[in-house]
Structure formats: C-alpha cells, structure tokens
Amino acid sequence: MKIDEKLIEEIAKLARLEIENKQEFINEMQKIVDYFELLNNVDTKGIEPMYTPLESSASLRENGVVNFENVEGIRKNFPEREGNYLKVPGIHK
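If you're wondering where the values come from, they're calculated on a predicted model, not measured in any experiment. As a convention, each chain's residues are numbered from 1 in the sequence order in which they are written. Residue-level local features of this predicted model are given only where pLDDT is at least 70; pairs of side-chain atoms are given and counted only at 80 or more, and the full residue set underlies all totals for whole chains, interfaces and linings. With hydrogens and water stripped out, all remaining heavy atoms of the structure feed into the side-chain values.

A. Representation of unusual backbone geometry in the model. Positive phi, normally seen in glycine, also occurs at Arg 16, with a value near 55°. Each helix corresponds to a stretch of at least 4 residues labelled H or I by DSSP, and each strand to a stretch of at least 2 residues labelled E; elements are numbered beginning at the N terminus. Positionally, Arg 16 belongs in the loop between helix H1 (5-15) and helix H2 (22-40). Overall, the relative accessible area of 78% leaves Arg 16 in the exposed class. Here the term buried applies to any residue with accessible area under 20% of the maximum for its type, exposed to any over 50%, and partly exposed to those in between, with areas from a 1.4 Å probe on protein chains only.

Printed below as a string of structure tokens:
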C-alpha cells in the first residue's frame, strides 16, 4: 500500500488533525505500513493462534455478596448527608 498526500489529508480530516509536516508524516506512515506488509509474508501455517502471551489463565475470585461492615464510617466522613443518602454536587448545567 502506498501512502500519499491525498490519503494523509483524508486521515487528518477524519481524525480532525492538523498535520504541519506532511512529508515526514507520510514517511513515518509508510514505514509502519511496510512493516505490516512484511509481517503478512511470514509463513504461519501449522502455528496455533495465540490470544495471550501467558500460559495460565487468570484465577478469578468466587462470585458472591460481601457485606461491608463500616458503612457508617464512610457516611460520617461525607460532608453532606440526608438520612442514609449522601449529597453530592449536581452534574447537569
């Protein structure tokens, strides 16, 4: 794939970027595309796809409800309360 000024202008427009040195950007993008084209030529027949570099799977905790004992400790540290509710600043304008 050939990277040219027209493609760079289209990418910049879609990404809403302002590119000052287009020729340098073209050169860098061309290096990246050339490298991926090199990877496309690698023979991967007979190689199992790898989804993670780790051999073991992540151990997950058991799913269950855990009651937090110090709820009132959190409530008393809050500046404004109304009953059991914590008052927070509004987020709408």
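Still to come is the rest of the account.
B. Representation of H2 within the structure. The span expected for a helix works out to 1.5 Å for each residue beyond the first. For H2, spanning 19 residues, the distance from its first C-alpha to its last is 27 Å, which sits close to the expected 27 Å at 1.5 Å a residue. Those residues of H2 that sit buried are Ile 26, Gln 30 and Val 33. The arc that holds every buried residue of H2, seen down its axis, measures 75°, which confines them to one face. Exposed side of H2, more than 90 degrees from the buried face: Lys 31, Phe 36 and Leu 38 are the residues found there. Throughout, the arc means the angular range of directions from the helix axis out to the C-beta atoms.

C. Local environment of the side chain of Gln 30. Along the chain, the position of Gln 30 falls in helix H2. According to the relative accessible area criterion, Gln 30 is buried, its value standing at 13%. In what follows, a contact means two residues having at least one pair of non-hydrogen atoms within 4.5 Å. Setting aside residues up to four positions removed in sequence, Gln 30 forms contacts with Met 1, Lys 2 and Ile 3.

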